[in-house]
Amino acid sequence: MTEVAVDELQKDVEAYMATGGNRSAAARLRKLPRKTYNGRLEIAQKKLGIQLGKVVDGRVDYVKAVKRPLPKGKSVARYIVSSVQNNTHPHPGFANLEAYAEWLRSFGTCEIILGTYSYAMDAYGAKSVKRGSYEKAADRGALGKLWYAPELERYICDESVELAPGLVWCGEMNILPTAANPLTGLEDYNGRKSNIVPHAKHALASVASLADEAAKFNYATGTVTQRNYIQKRIGIMAERKHSYGGLLVEVDSEGNWYVRQLQIGAKGEVYDIGPSGYRGVRIAGGKVESVKITDAPSRTFLEAITWGDIHAAEMEVWVRHLGWGKGGMLDQLAPRKQFWHDVFSMRSRSHHELKNFHRTFEKWATGEGNVEDEVQVTADFANEGHRSWLETIVVRSNHDRHLDTWLNIAKIERDPENARYYALLQHQVLAAIEDGNRDFNVLEWALRRAGIPKGVRFLGEDESYVICKSRDFVGIECGLHGDLGPNGSRGSTRSLKKLGRPANKAHDHQATWMDDTLSAGACSTRFPYMKGPGAHSISHIGTFENGARQILTFWAGKFRA
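Small disclaimer: the values here were computed from a predicted structure and weren't measured.

Where burial is concerned, most of strand E24 (residues 549–553) is hidden: five out of the five residues are buried. In E24, alternate side chains face the same way, and those of Arg549, Ile551 and Thr553 on one face and Gln550 and Leu552 on the other are all buried. Note: strand E23 (residues 539–544) against E24, five bridges, orientation antiparallel. Bridge pairing in E24 places His540 opposite Leu552.

Another point: the sheet that holds strand E14 (residues 302–306). Read from one edge of the open sheet, six strands run E17-E16-E15-E14-E23-E24, paired in mixed fashion. Whereas interior strands pair on both sides, the edge strands pair on one side only; in this sheet they are strand E17 (456–458) and E24. Across the sheet, the axes of successive neighbouring strands diverge by a mean angle of 20°, strand direction being ignored.

Judged by nonpolar contacts, the single largest core of 51 residues is most densely connected at Trp307, Ile310, Trp324, Trp340, Leu403 and Trp406. Elements supplying a minimum of two residues to this core: E14, helix H9 (317–324), helix H10 (329–333), helix H12 (371–385), helix H13 (398–409), helix H14 (419–434), helix H15 (442–449) and E17. The biggest single contributor to this core is H12, with five residues. In this structure, Trp324 is in contact with Trp307, Ile310, Met315, Val319, Leu330, Gln338, Trp340, Phe381, Glu384, Gly385, Arg387 and Cys523, ignoring residues within four places of it in sequence.

Turning next to the packing of aromatic side chains. The description of an aromatic ring pair uses the distance of the two centres, along with the angle that the planes make with each other. According to the stated counting rule, one finds 18 aromatic pairs in the structure shown. Centre to centre, the rings of Trp406 and Tyr422 are 5.3 Å apart; their planes meet at 85°, and the pair counts as edge-to-face. Taken as a pair, Trp406 in helix H13 and Tyr422 in helix H14 lie far apart in primary sequence, 16 residues in all. Assigned by exposure class, Trp406 and Tyr422 land together as buried. Here the aromatic residues Tyr100, Trp103, Phe107 and Tyr278 are joined through ring pairs into a cluster of three or more.

With respect to the helices and strands, the residue Leu176 is situated in the loop between strand E5 (167–170) and strand E6 (194–197). A C-alpha to C-alpha distance of 27 Å links Leu176 and Arg78, two positions 98 residues apart in sequence. Leave out the neighbours within four places in its chain, and Leu176 touches Ser118, Tyr119 and His199.

What counts and what doesn't
- Residues numbered from 1 in each chain as written.
- Predicted model: local features only at pLDDT ≥ 70, side-chain atom pairs only at ≥ 80, totals over all residues.
- Heavy atoms only, no water.
- Buried < 20%, exposed > 50% of the residue type's maximum accessible area, 1.4 Å probe, protein only.
- Helix = DSSP H or I, 4+ residues; strand = E, 2+ residues; numbered from the N terminus.
- Pairing = 2+ DSSP bridges.
- Axes fitted to C-alpha atoms, helices over the stretch in contact; angles between N-to-C directions.
- Core = buried A, V, L, I, M, F, W, Y, C linked by side-chain atoms within 4.5 Å.
- Contact = heavy atoms within 4.5 Å.
- Phe/Tyr/Trp six-rings, centres within 6.5 Å; stacked < 30°, edge-to-face > 60°.

As structure tokens, then:
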């Protein structure tokens, strides 16, 4: 056969791809005899360094998950899940995840599961397909050889696996690491089951449910392979969002499951609250250092807990007991600080319901309409929830401001039940205005009058509170409730992440992990104003001393298995 120019050979390959691998159709497209065309394809594969095979494929059924059996008795099944990128070296901190998995096996099973994603396929000469396709390049049509780090291959699982009832490992997913939100469009994936997808970022999105169902959670894992991006705008931006680590999944014998994040720190260290009976663990240099809940509170790795919106008067009793009761989560984890959002609810006289006669009558009939009583209920919670060994910070929140709103707009002549208390509070507000005290907080005054501990600190409007700040880390902002957004807009997790600094917030009652901005849930999922499907959950944010964070969700009377 005479010499064929390279550009002509490339056109032969393009015709092959355009016709779905149909060589007869491709030959007609190129106006060549089939035999001649086949010969030129052989030359093209050698000269261009490619392999051609089957292009068109298909299957009747969608990917279905294989169910894992539940552990028996009091044992707990654990999984450390993460993601890996092709042609990329692992992060050195992965050795600490392996060490932690080995340590956890003394408490039950612990399996490491890694899902693959492909990227920079033009650079590597392949076709953006998942792992396993390339071993059959001759008949699958892969355009080059991809590899995964040999030390990671034994953990790879690119199949769909139901780790627990209602929780699916979506190993079949192959999402570009440059995706700004890897969970977009997955709200109804696998129906009502929660999903874990392998991706280079940590992410969590809450999906609305009906009133008789728990919220659905979609998680992205983070990764254990290093940054490896095309150095153009999208790739350069994505590598700054690259998140090292994974997720820890715990499953008990009743099928209850608990998921929390494991972040690999700047020096490869990993923190976790640990299994039941432990206050926390730190894994560094392949060694596990643990602290038990029986140790003194001063022995802790946890810098802070940002609780979901408190709403003391509406908090569910079991949540109060699990969170702040003797031996509850606060005592078990012993954080150095705790942040309270919406500690006061103003359920008794919400301005949203002042014109609702039937609701007002209902409050009178049930004894829920007395503002002073609600302040006392909130003060009682503060006395139960504070500890002498930590700092309690009350973040200025929208429901706290509802007391100010009531003092501004209430027609008190129509509310004799609250008239005297209204006058008392109004006197304090007016006196502060006369004195030029712009920082006066009427809720703080009312709660201190009701006897809350002196150690409880109230942040002012727009007052910043940063934790975990160091020479190399800007720290995490904890002074934002989340109701106020930039430039006078309404607040949201999405808008506040644009501030460009890590933050722990609350307000919307939905557990969310969006880049460096995290949002807690609430301490109840039953509010009078909630109508229709909702994504509320009883979720809180734990922040470790190095700035690593986890979202901890209460379920079935526990926060871990």
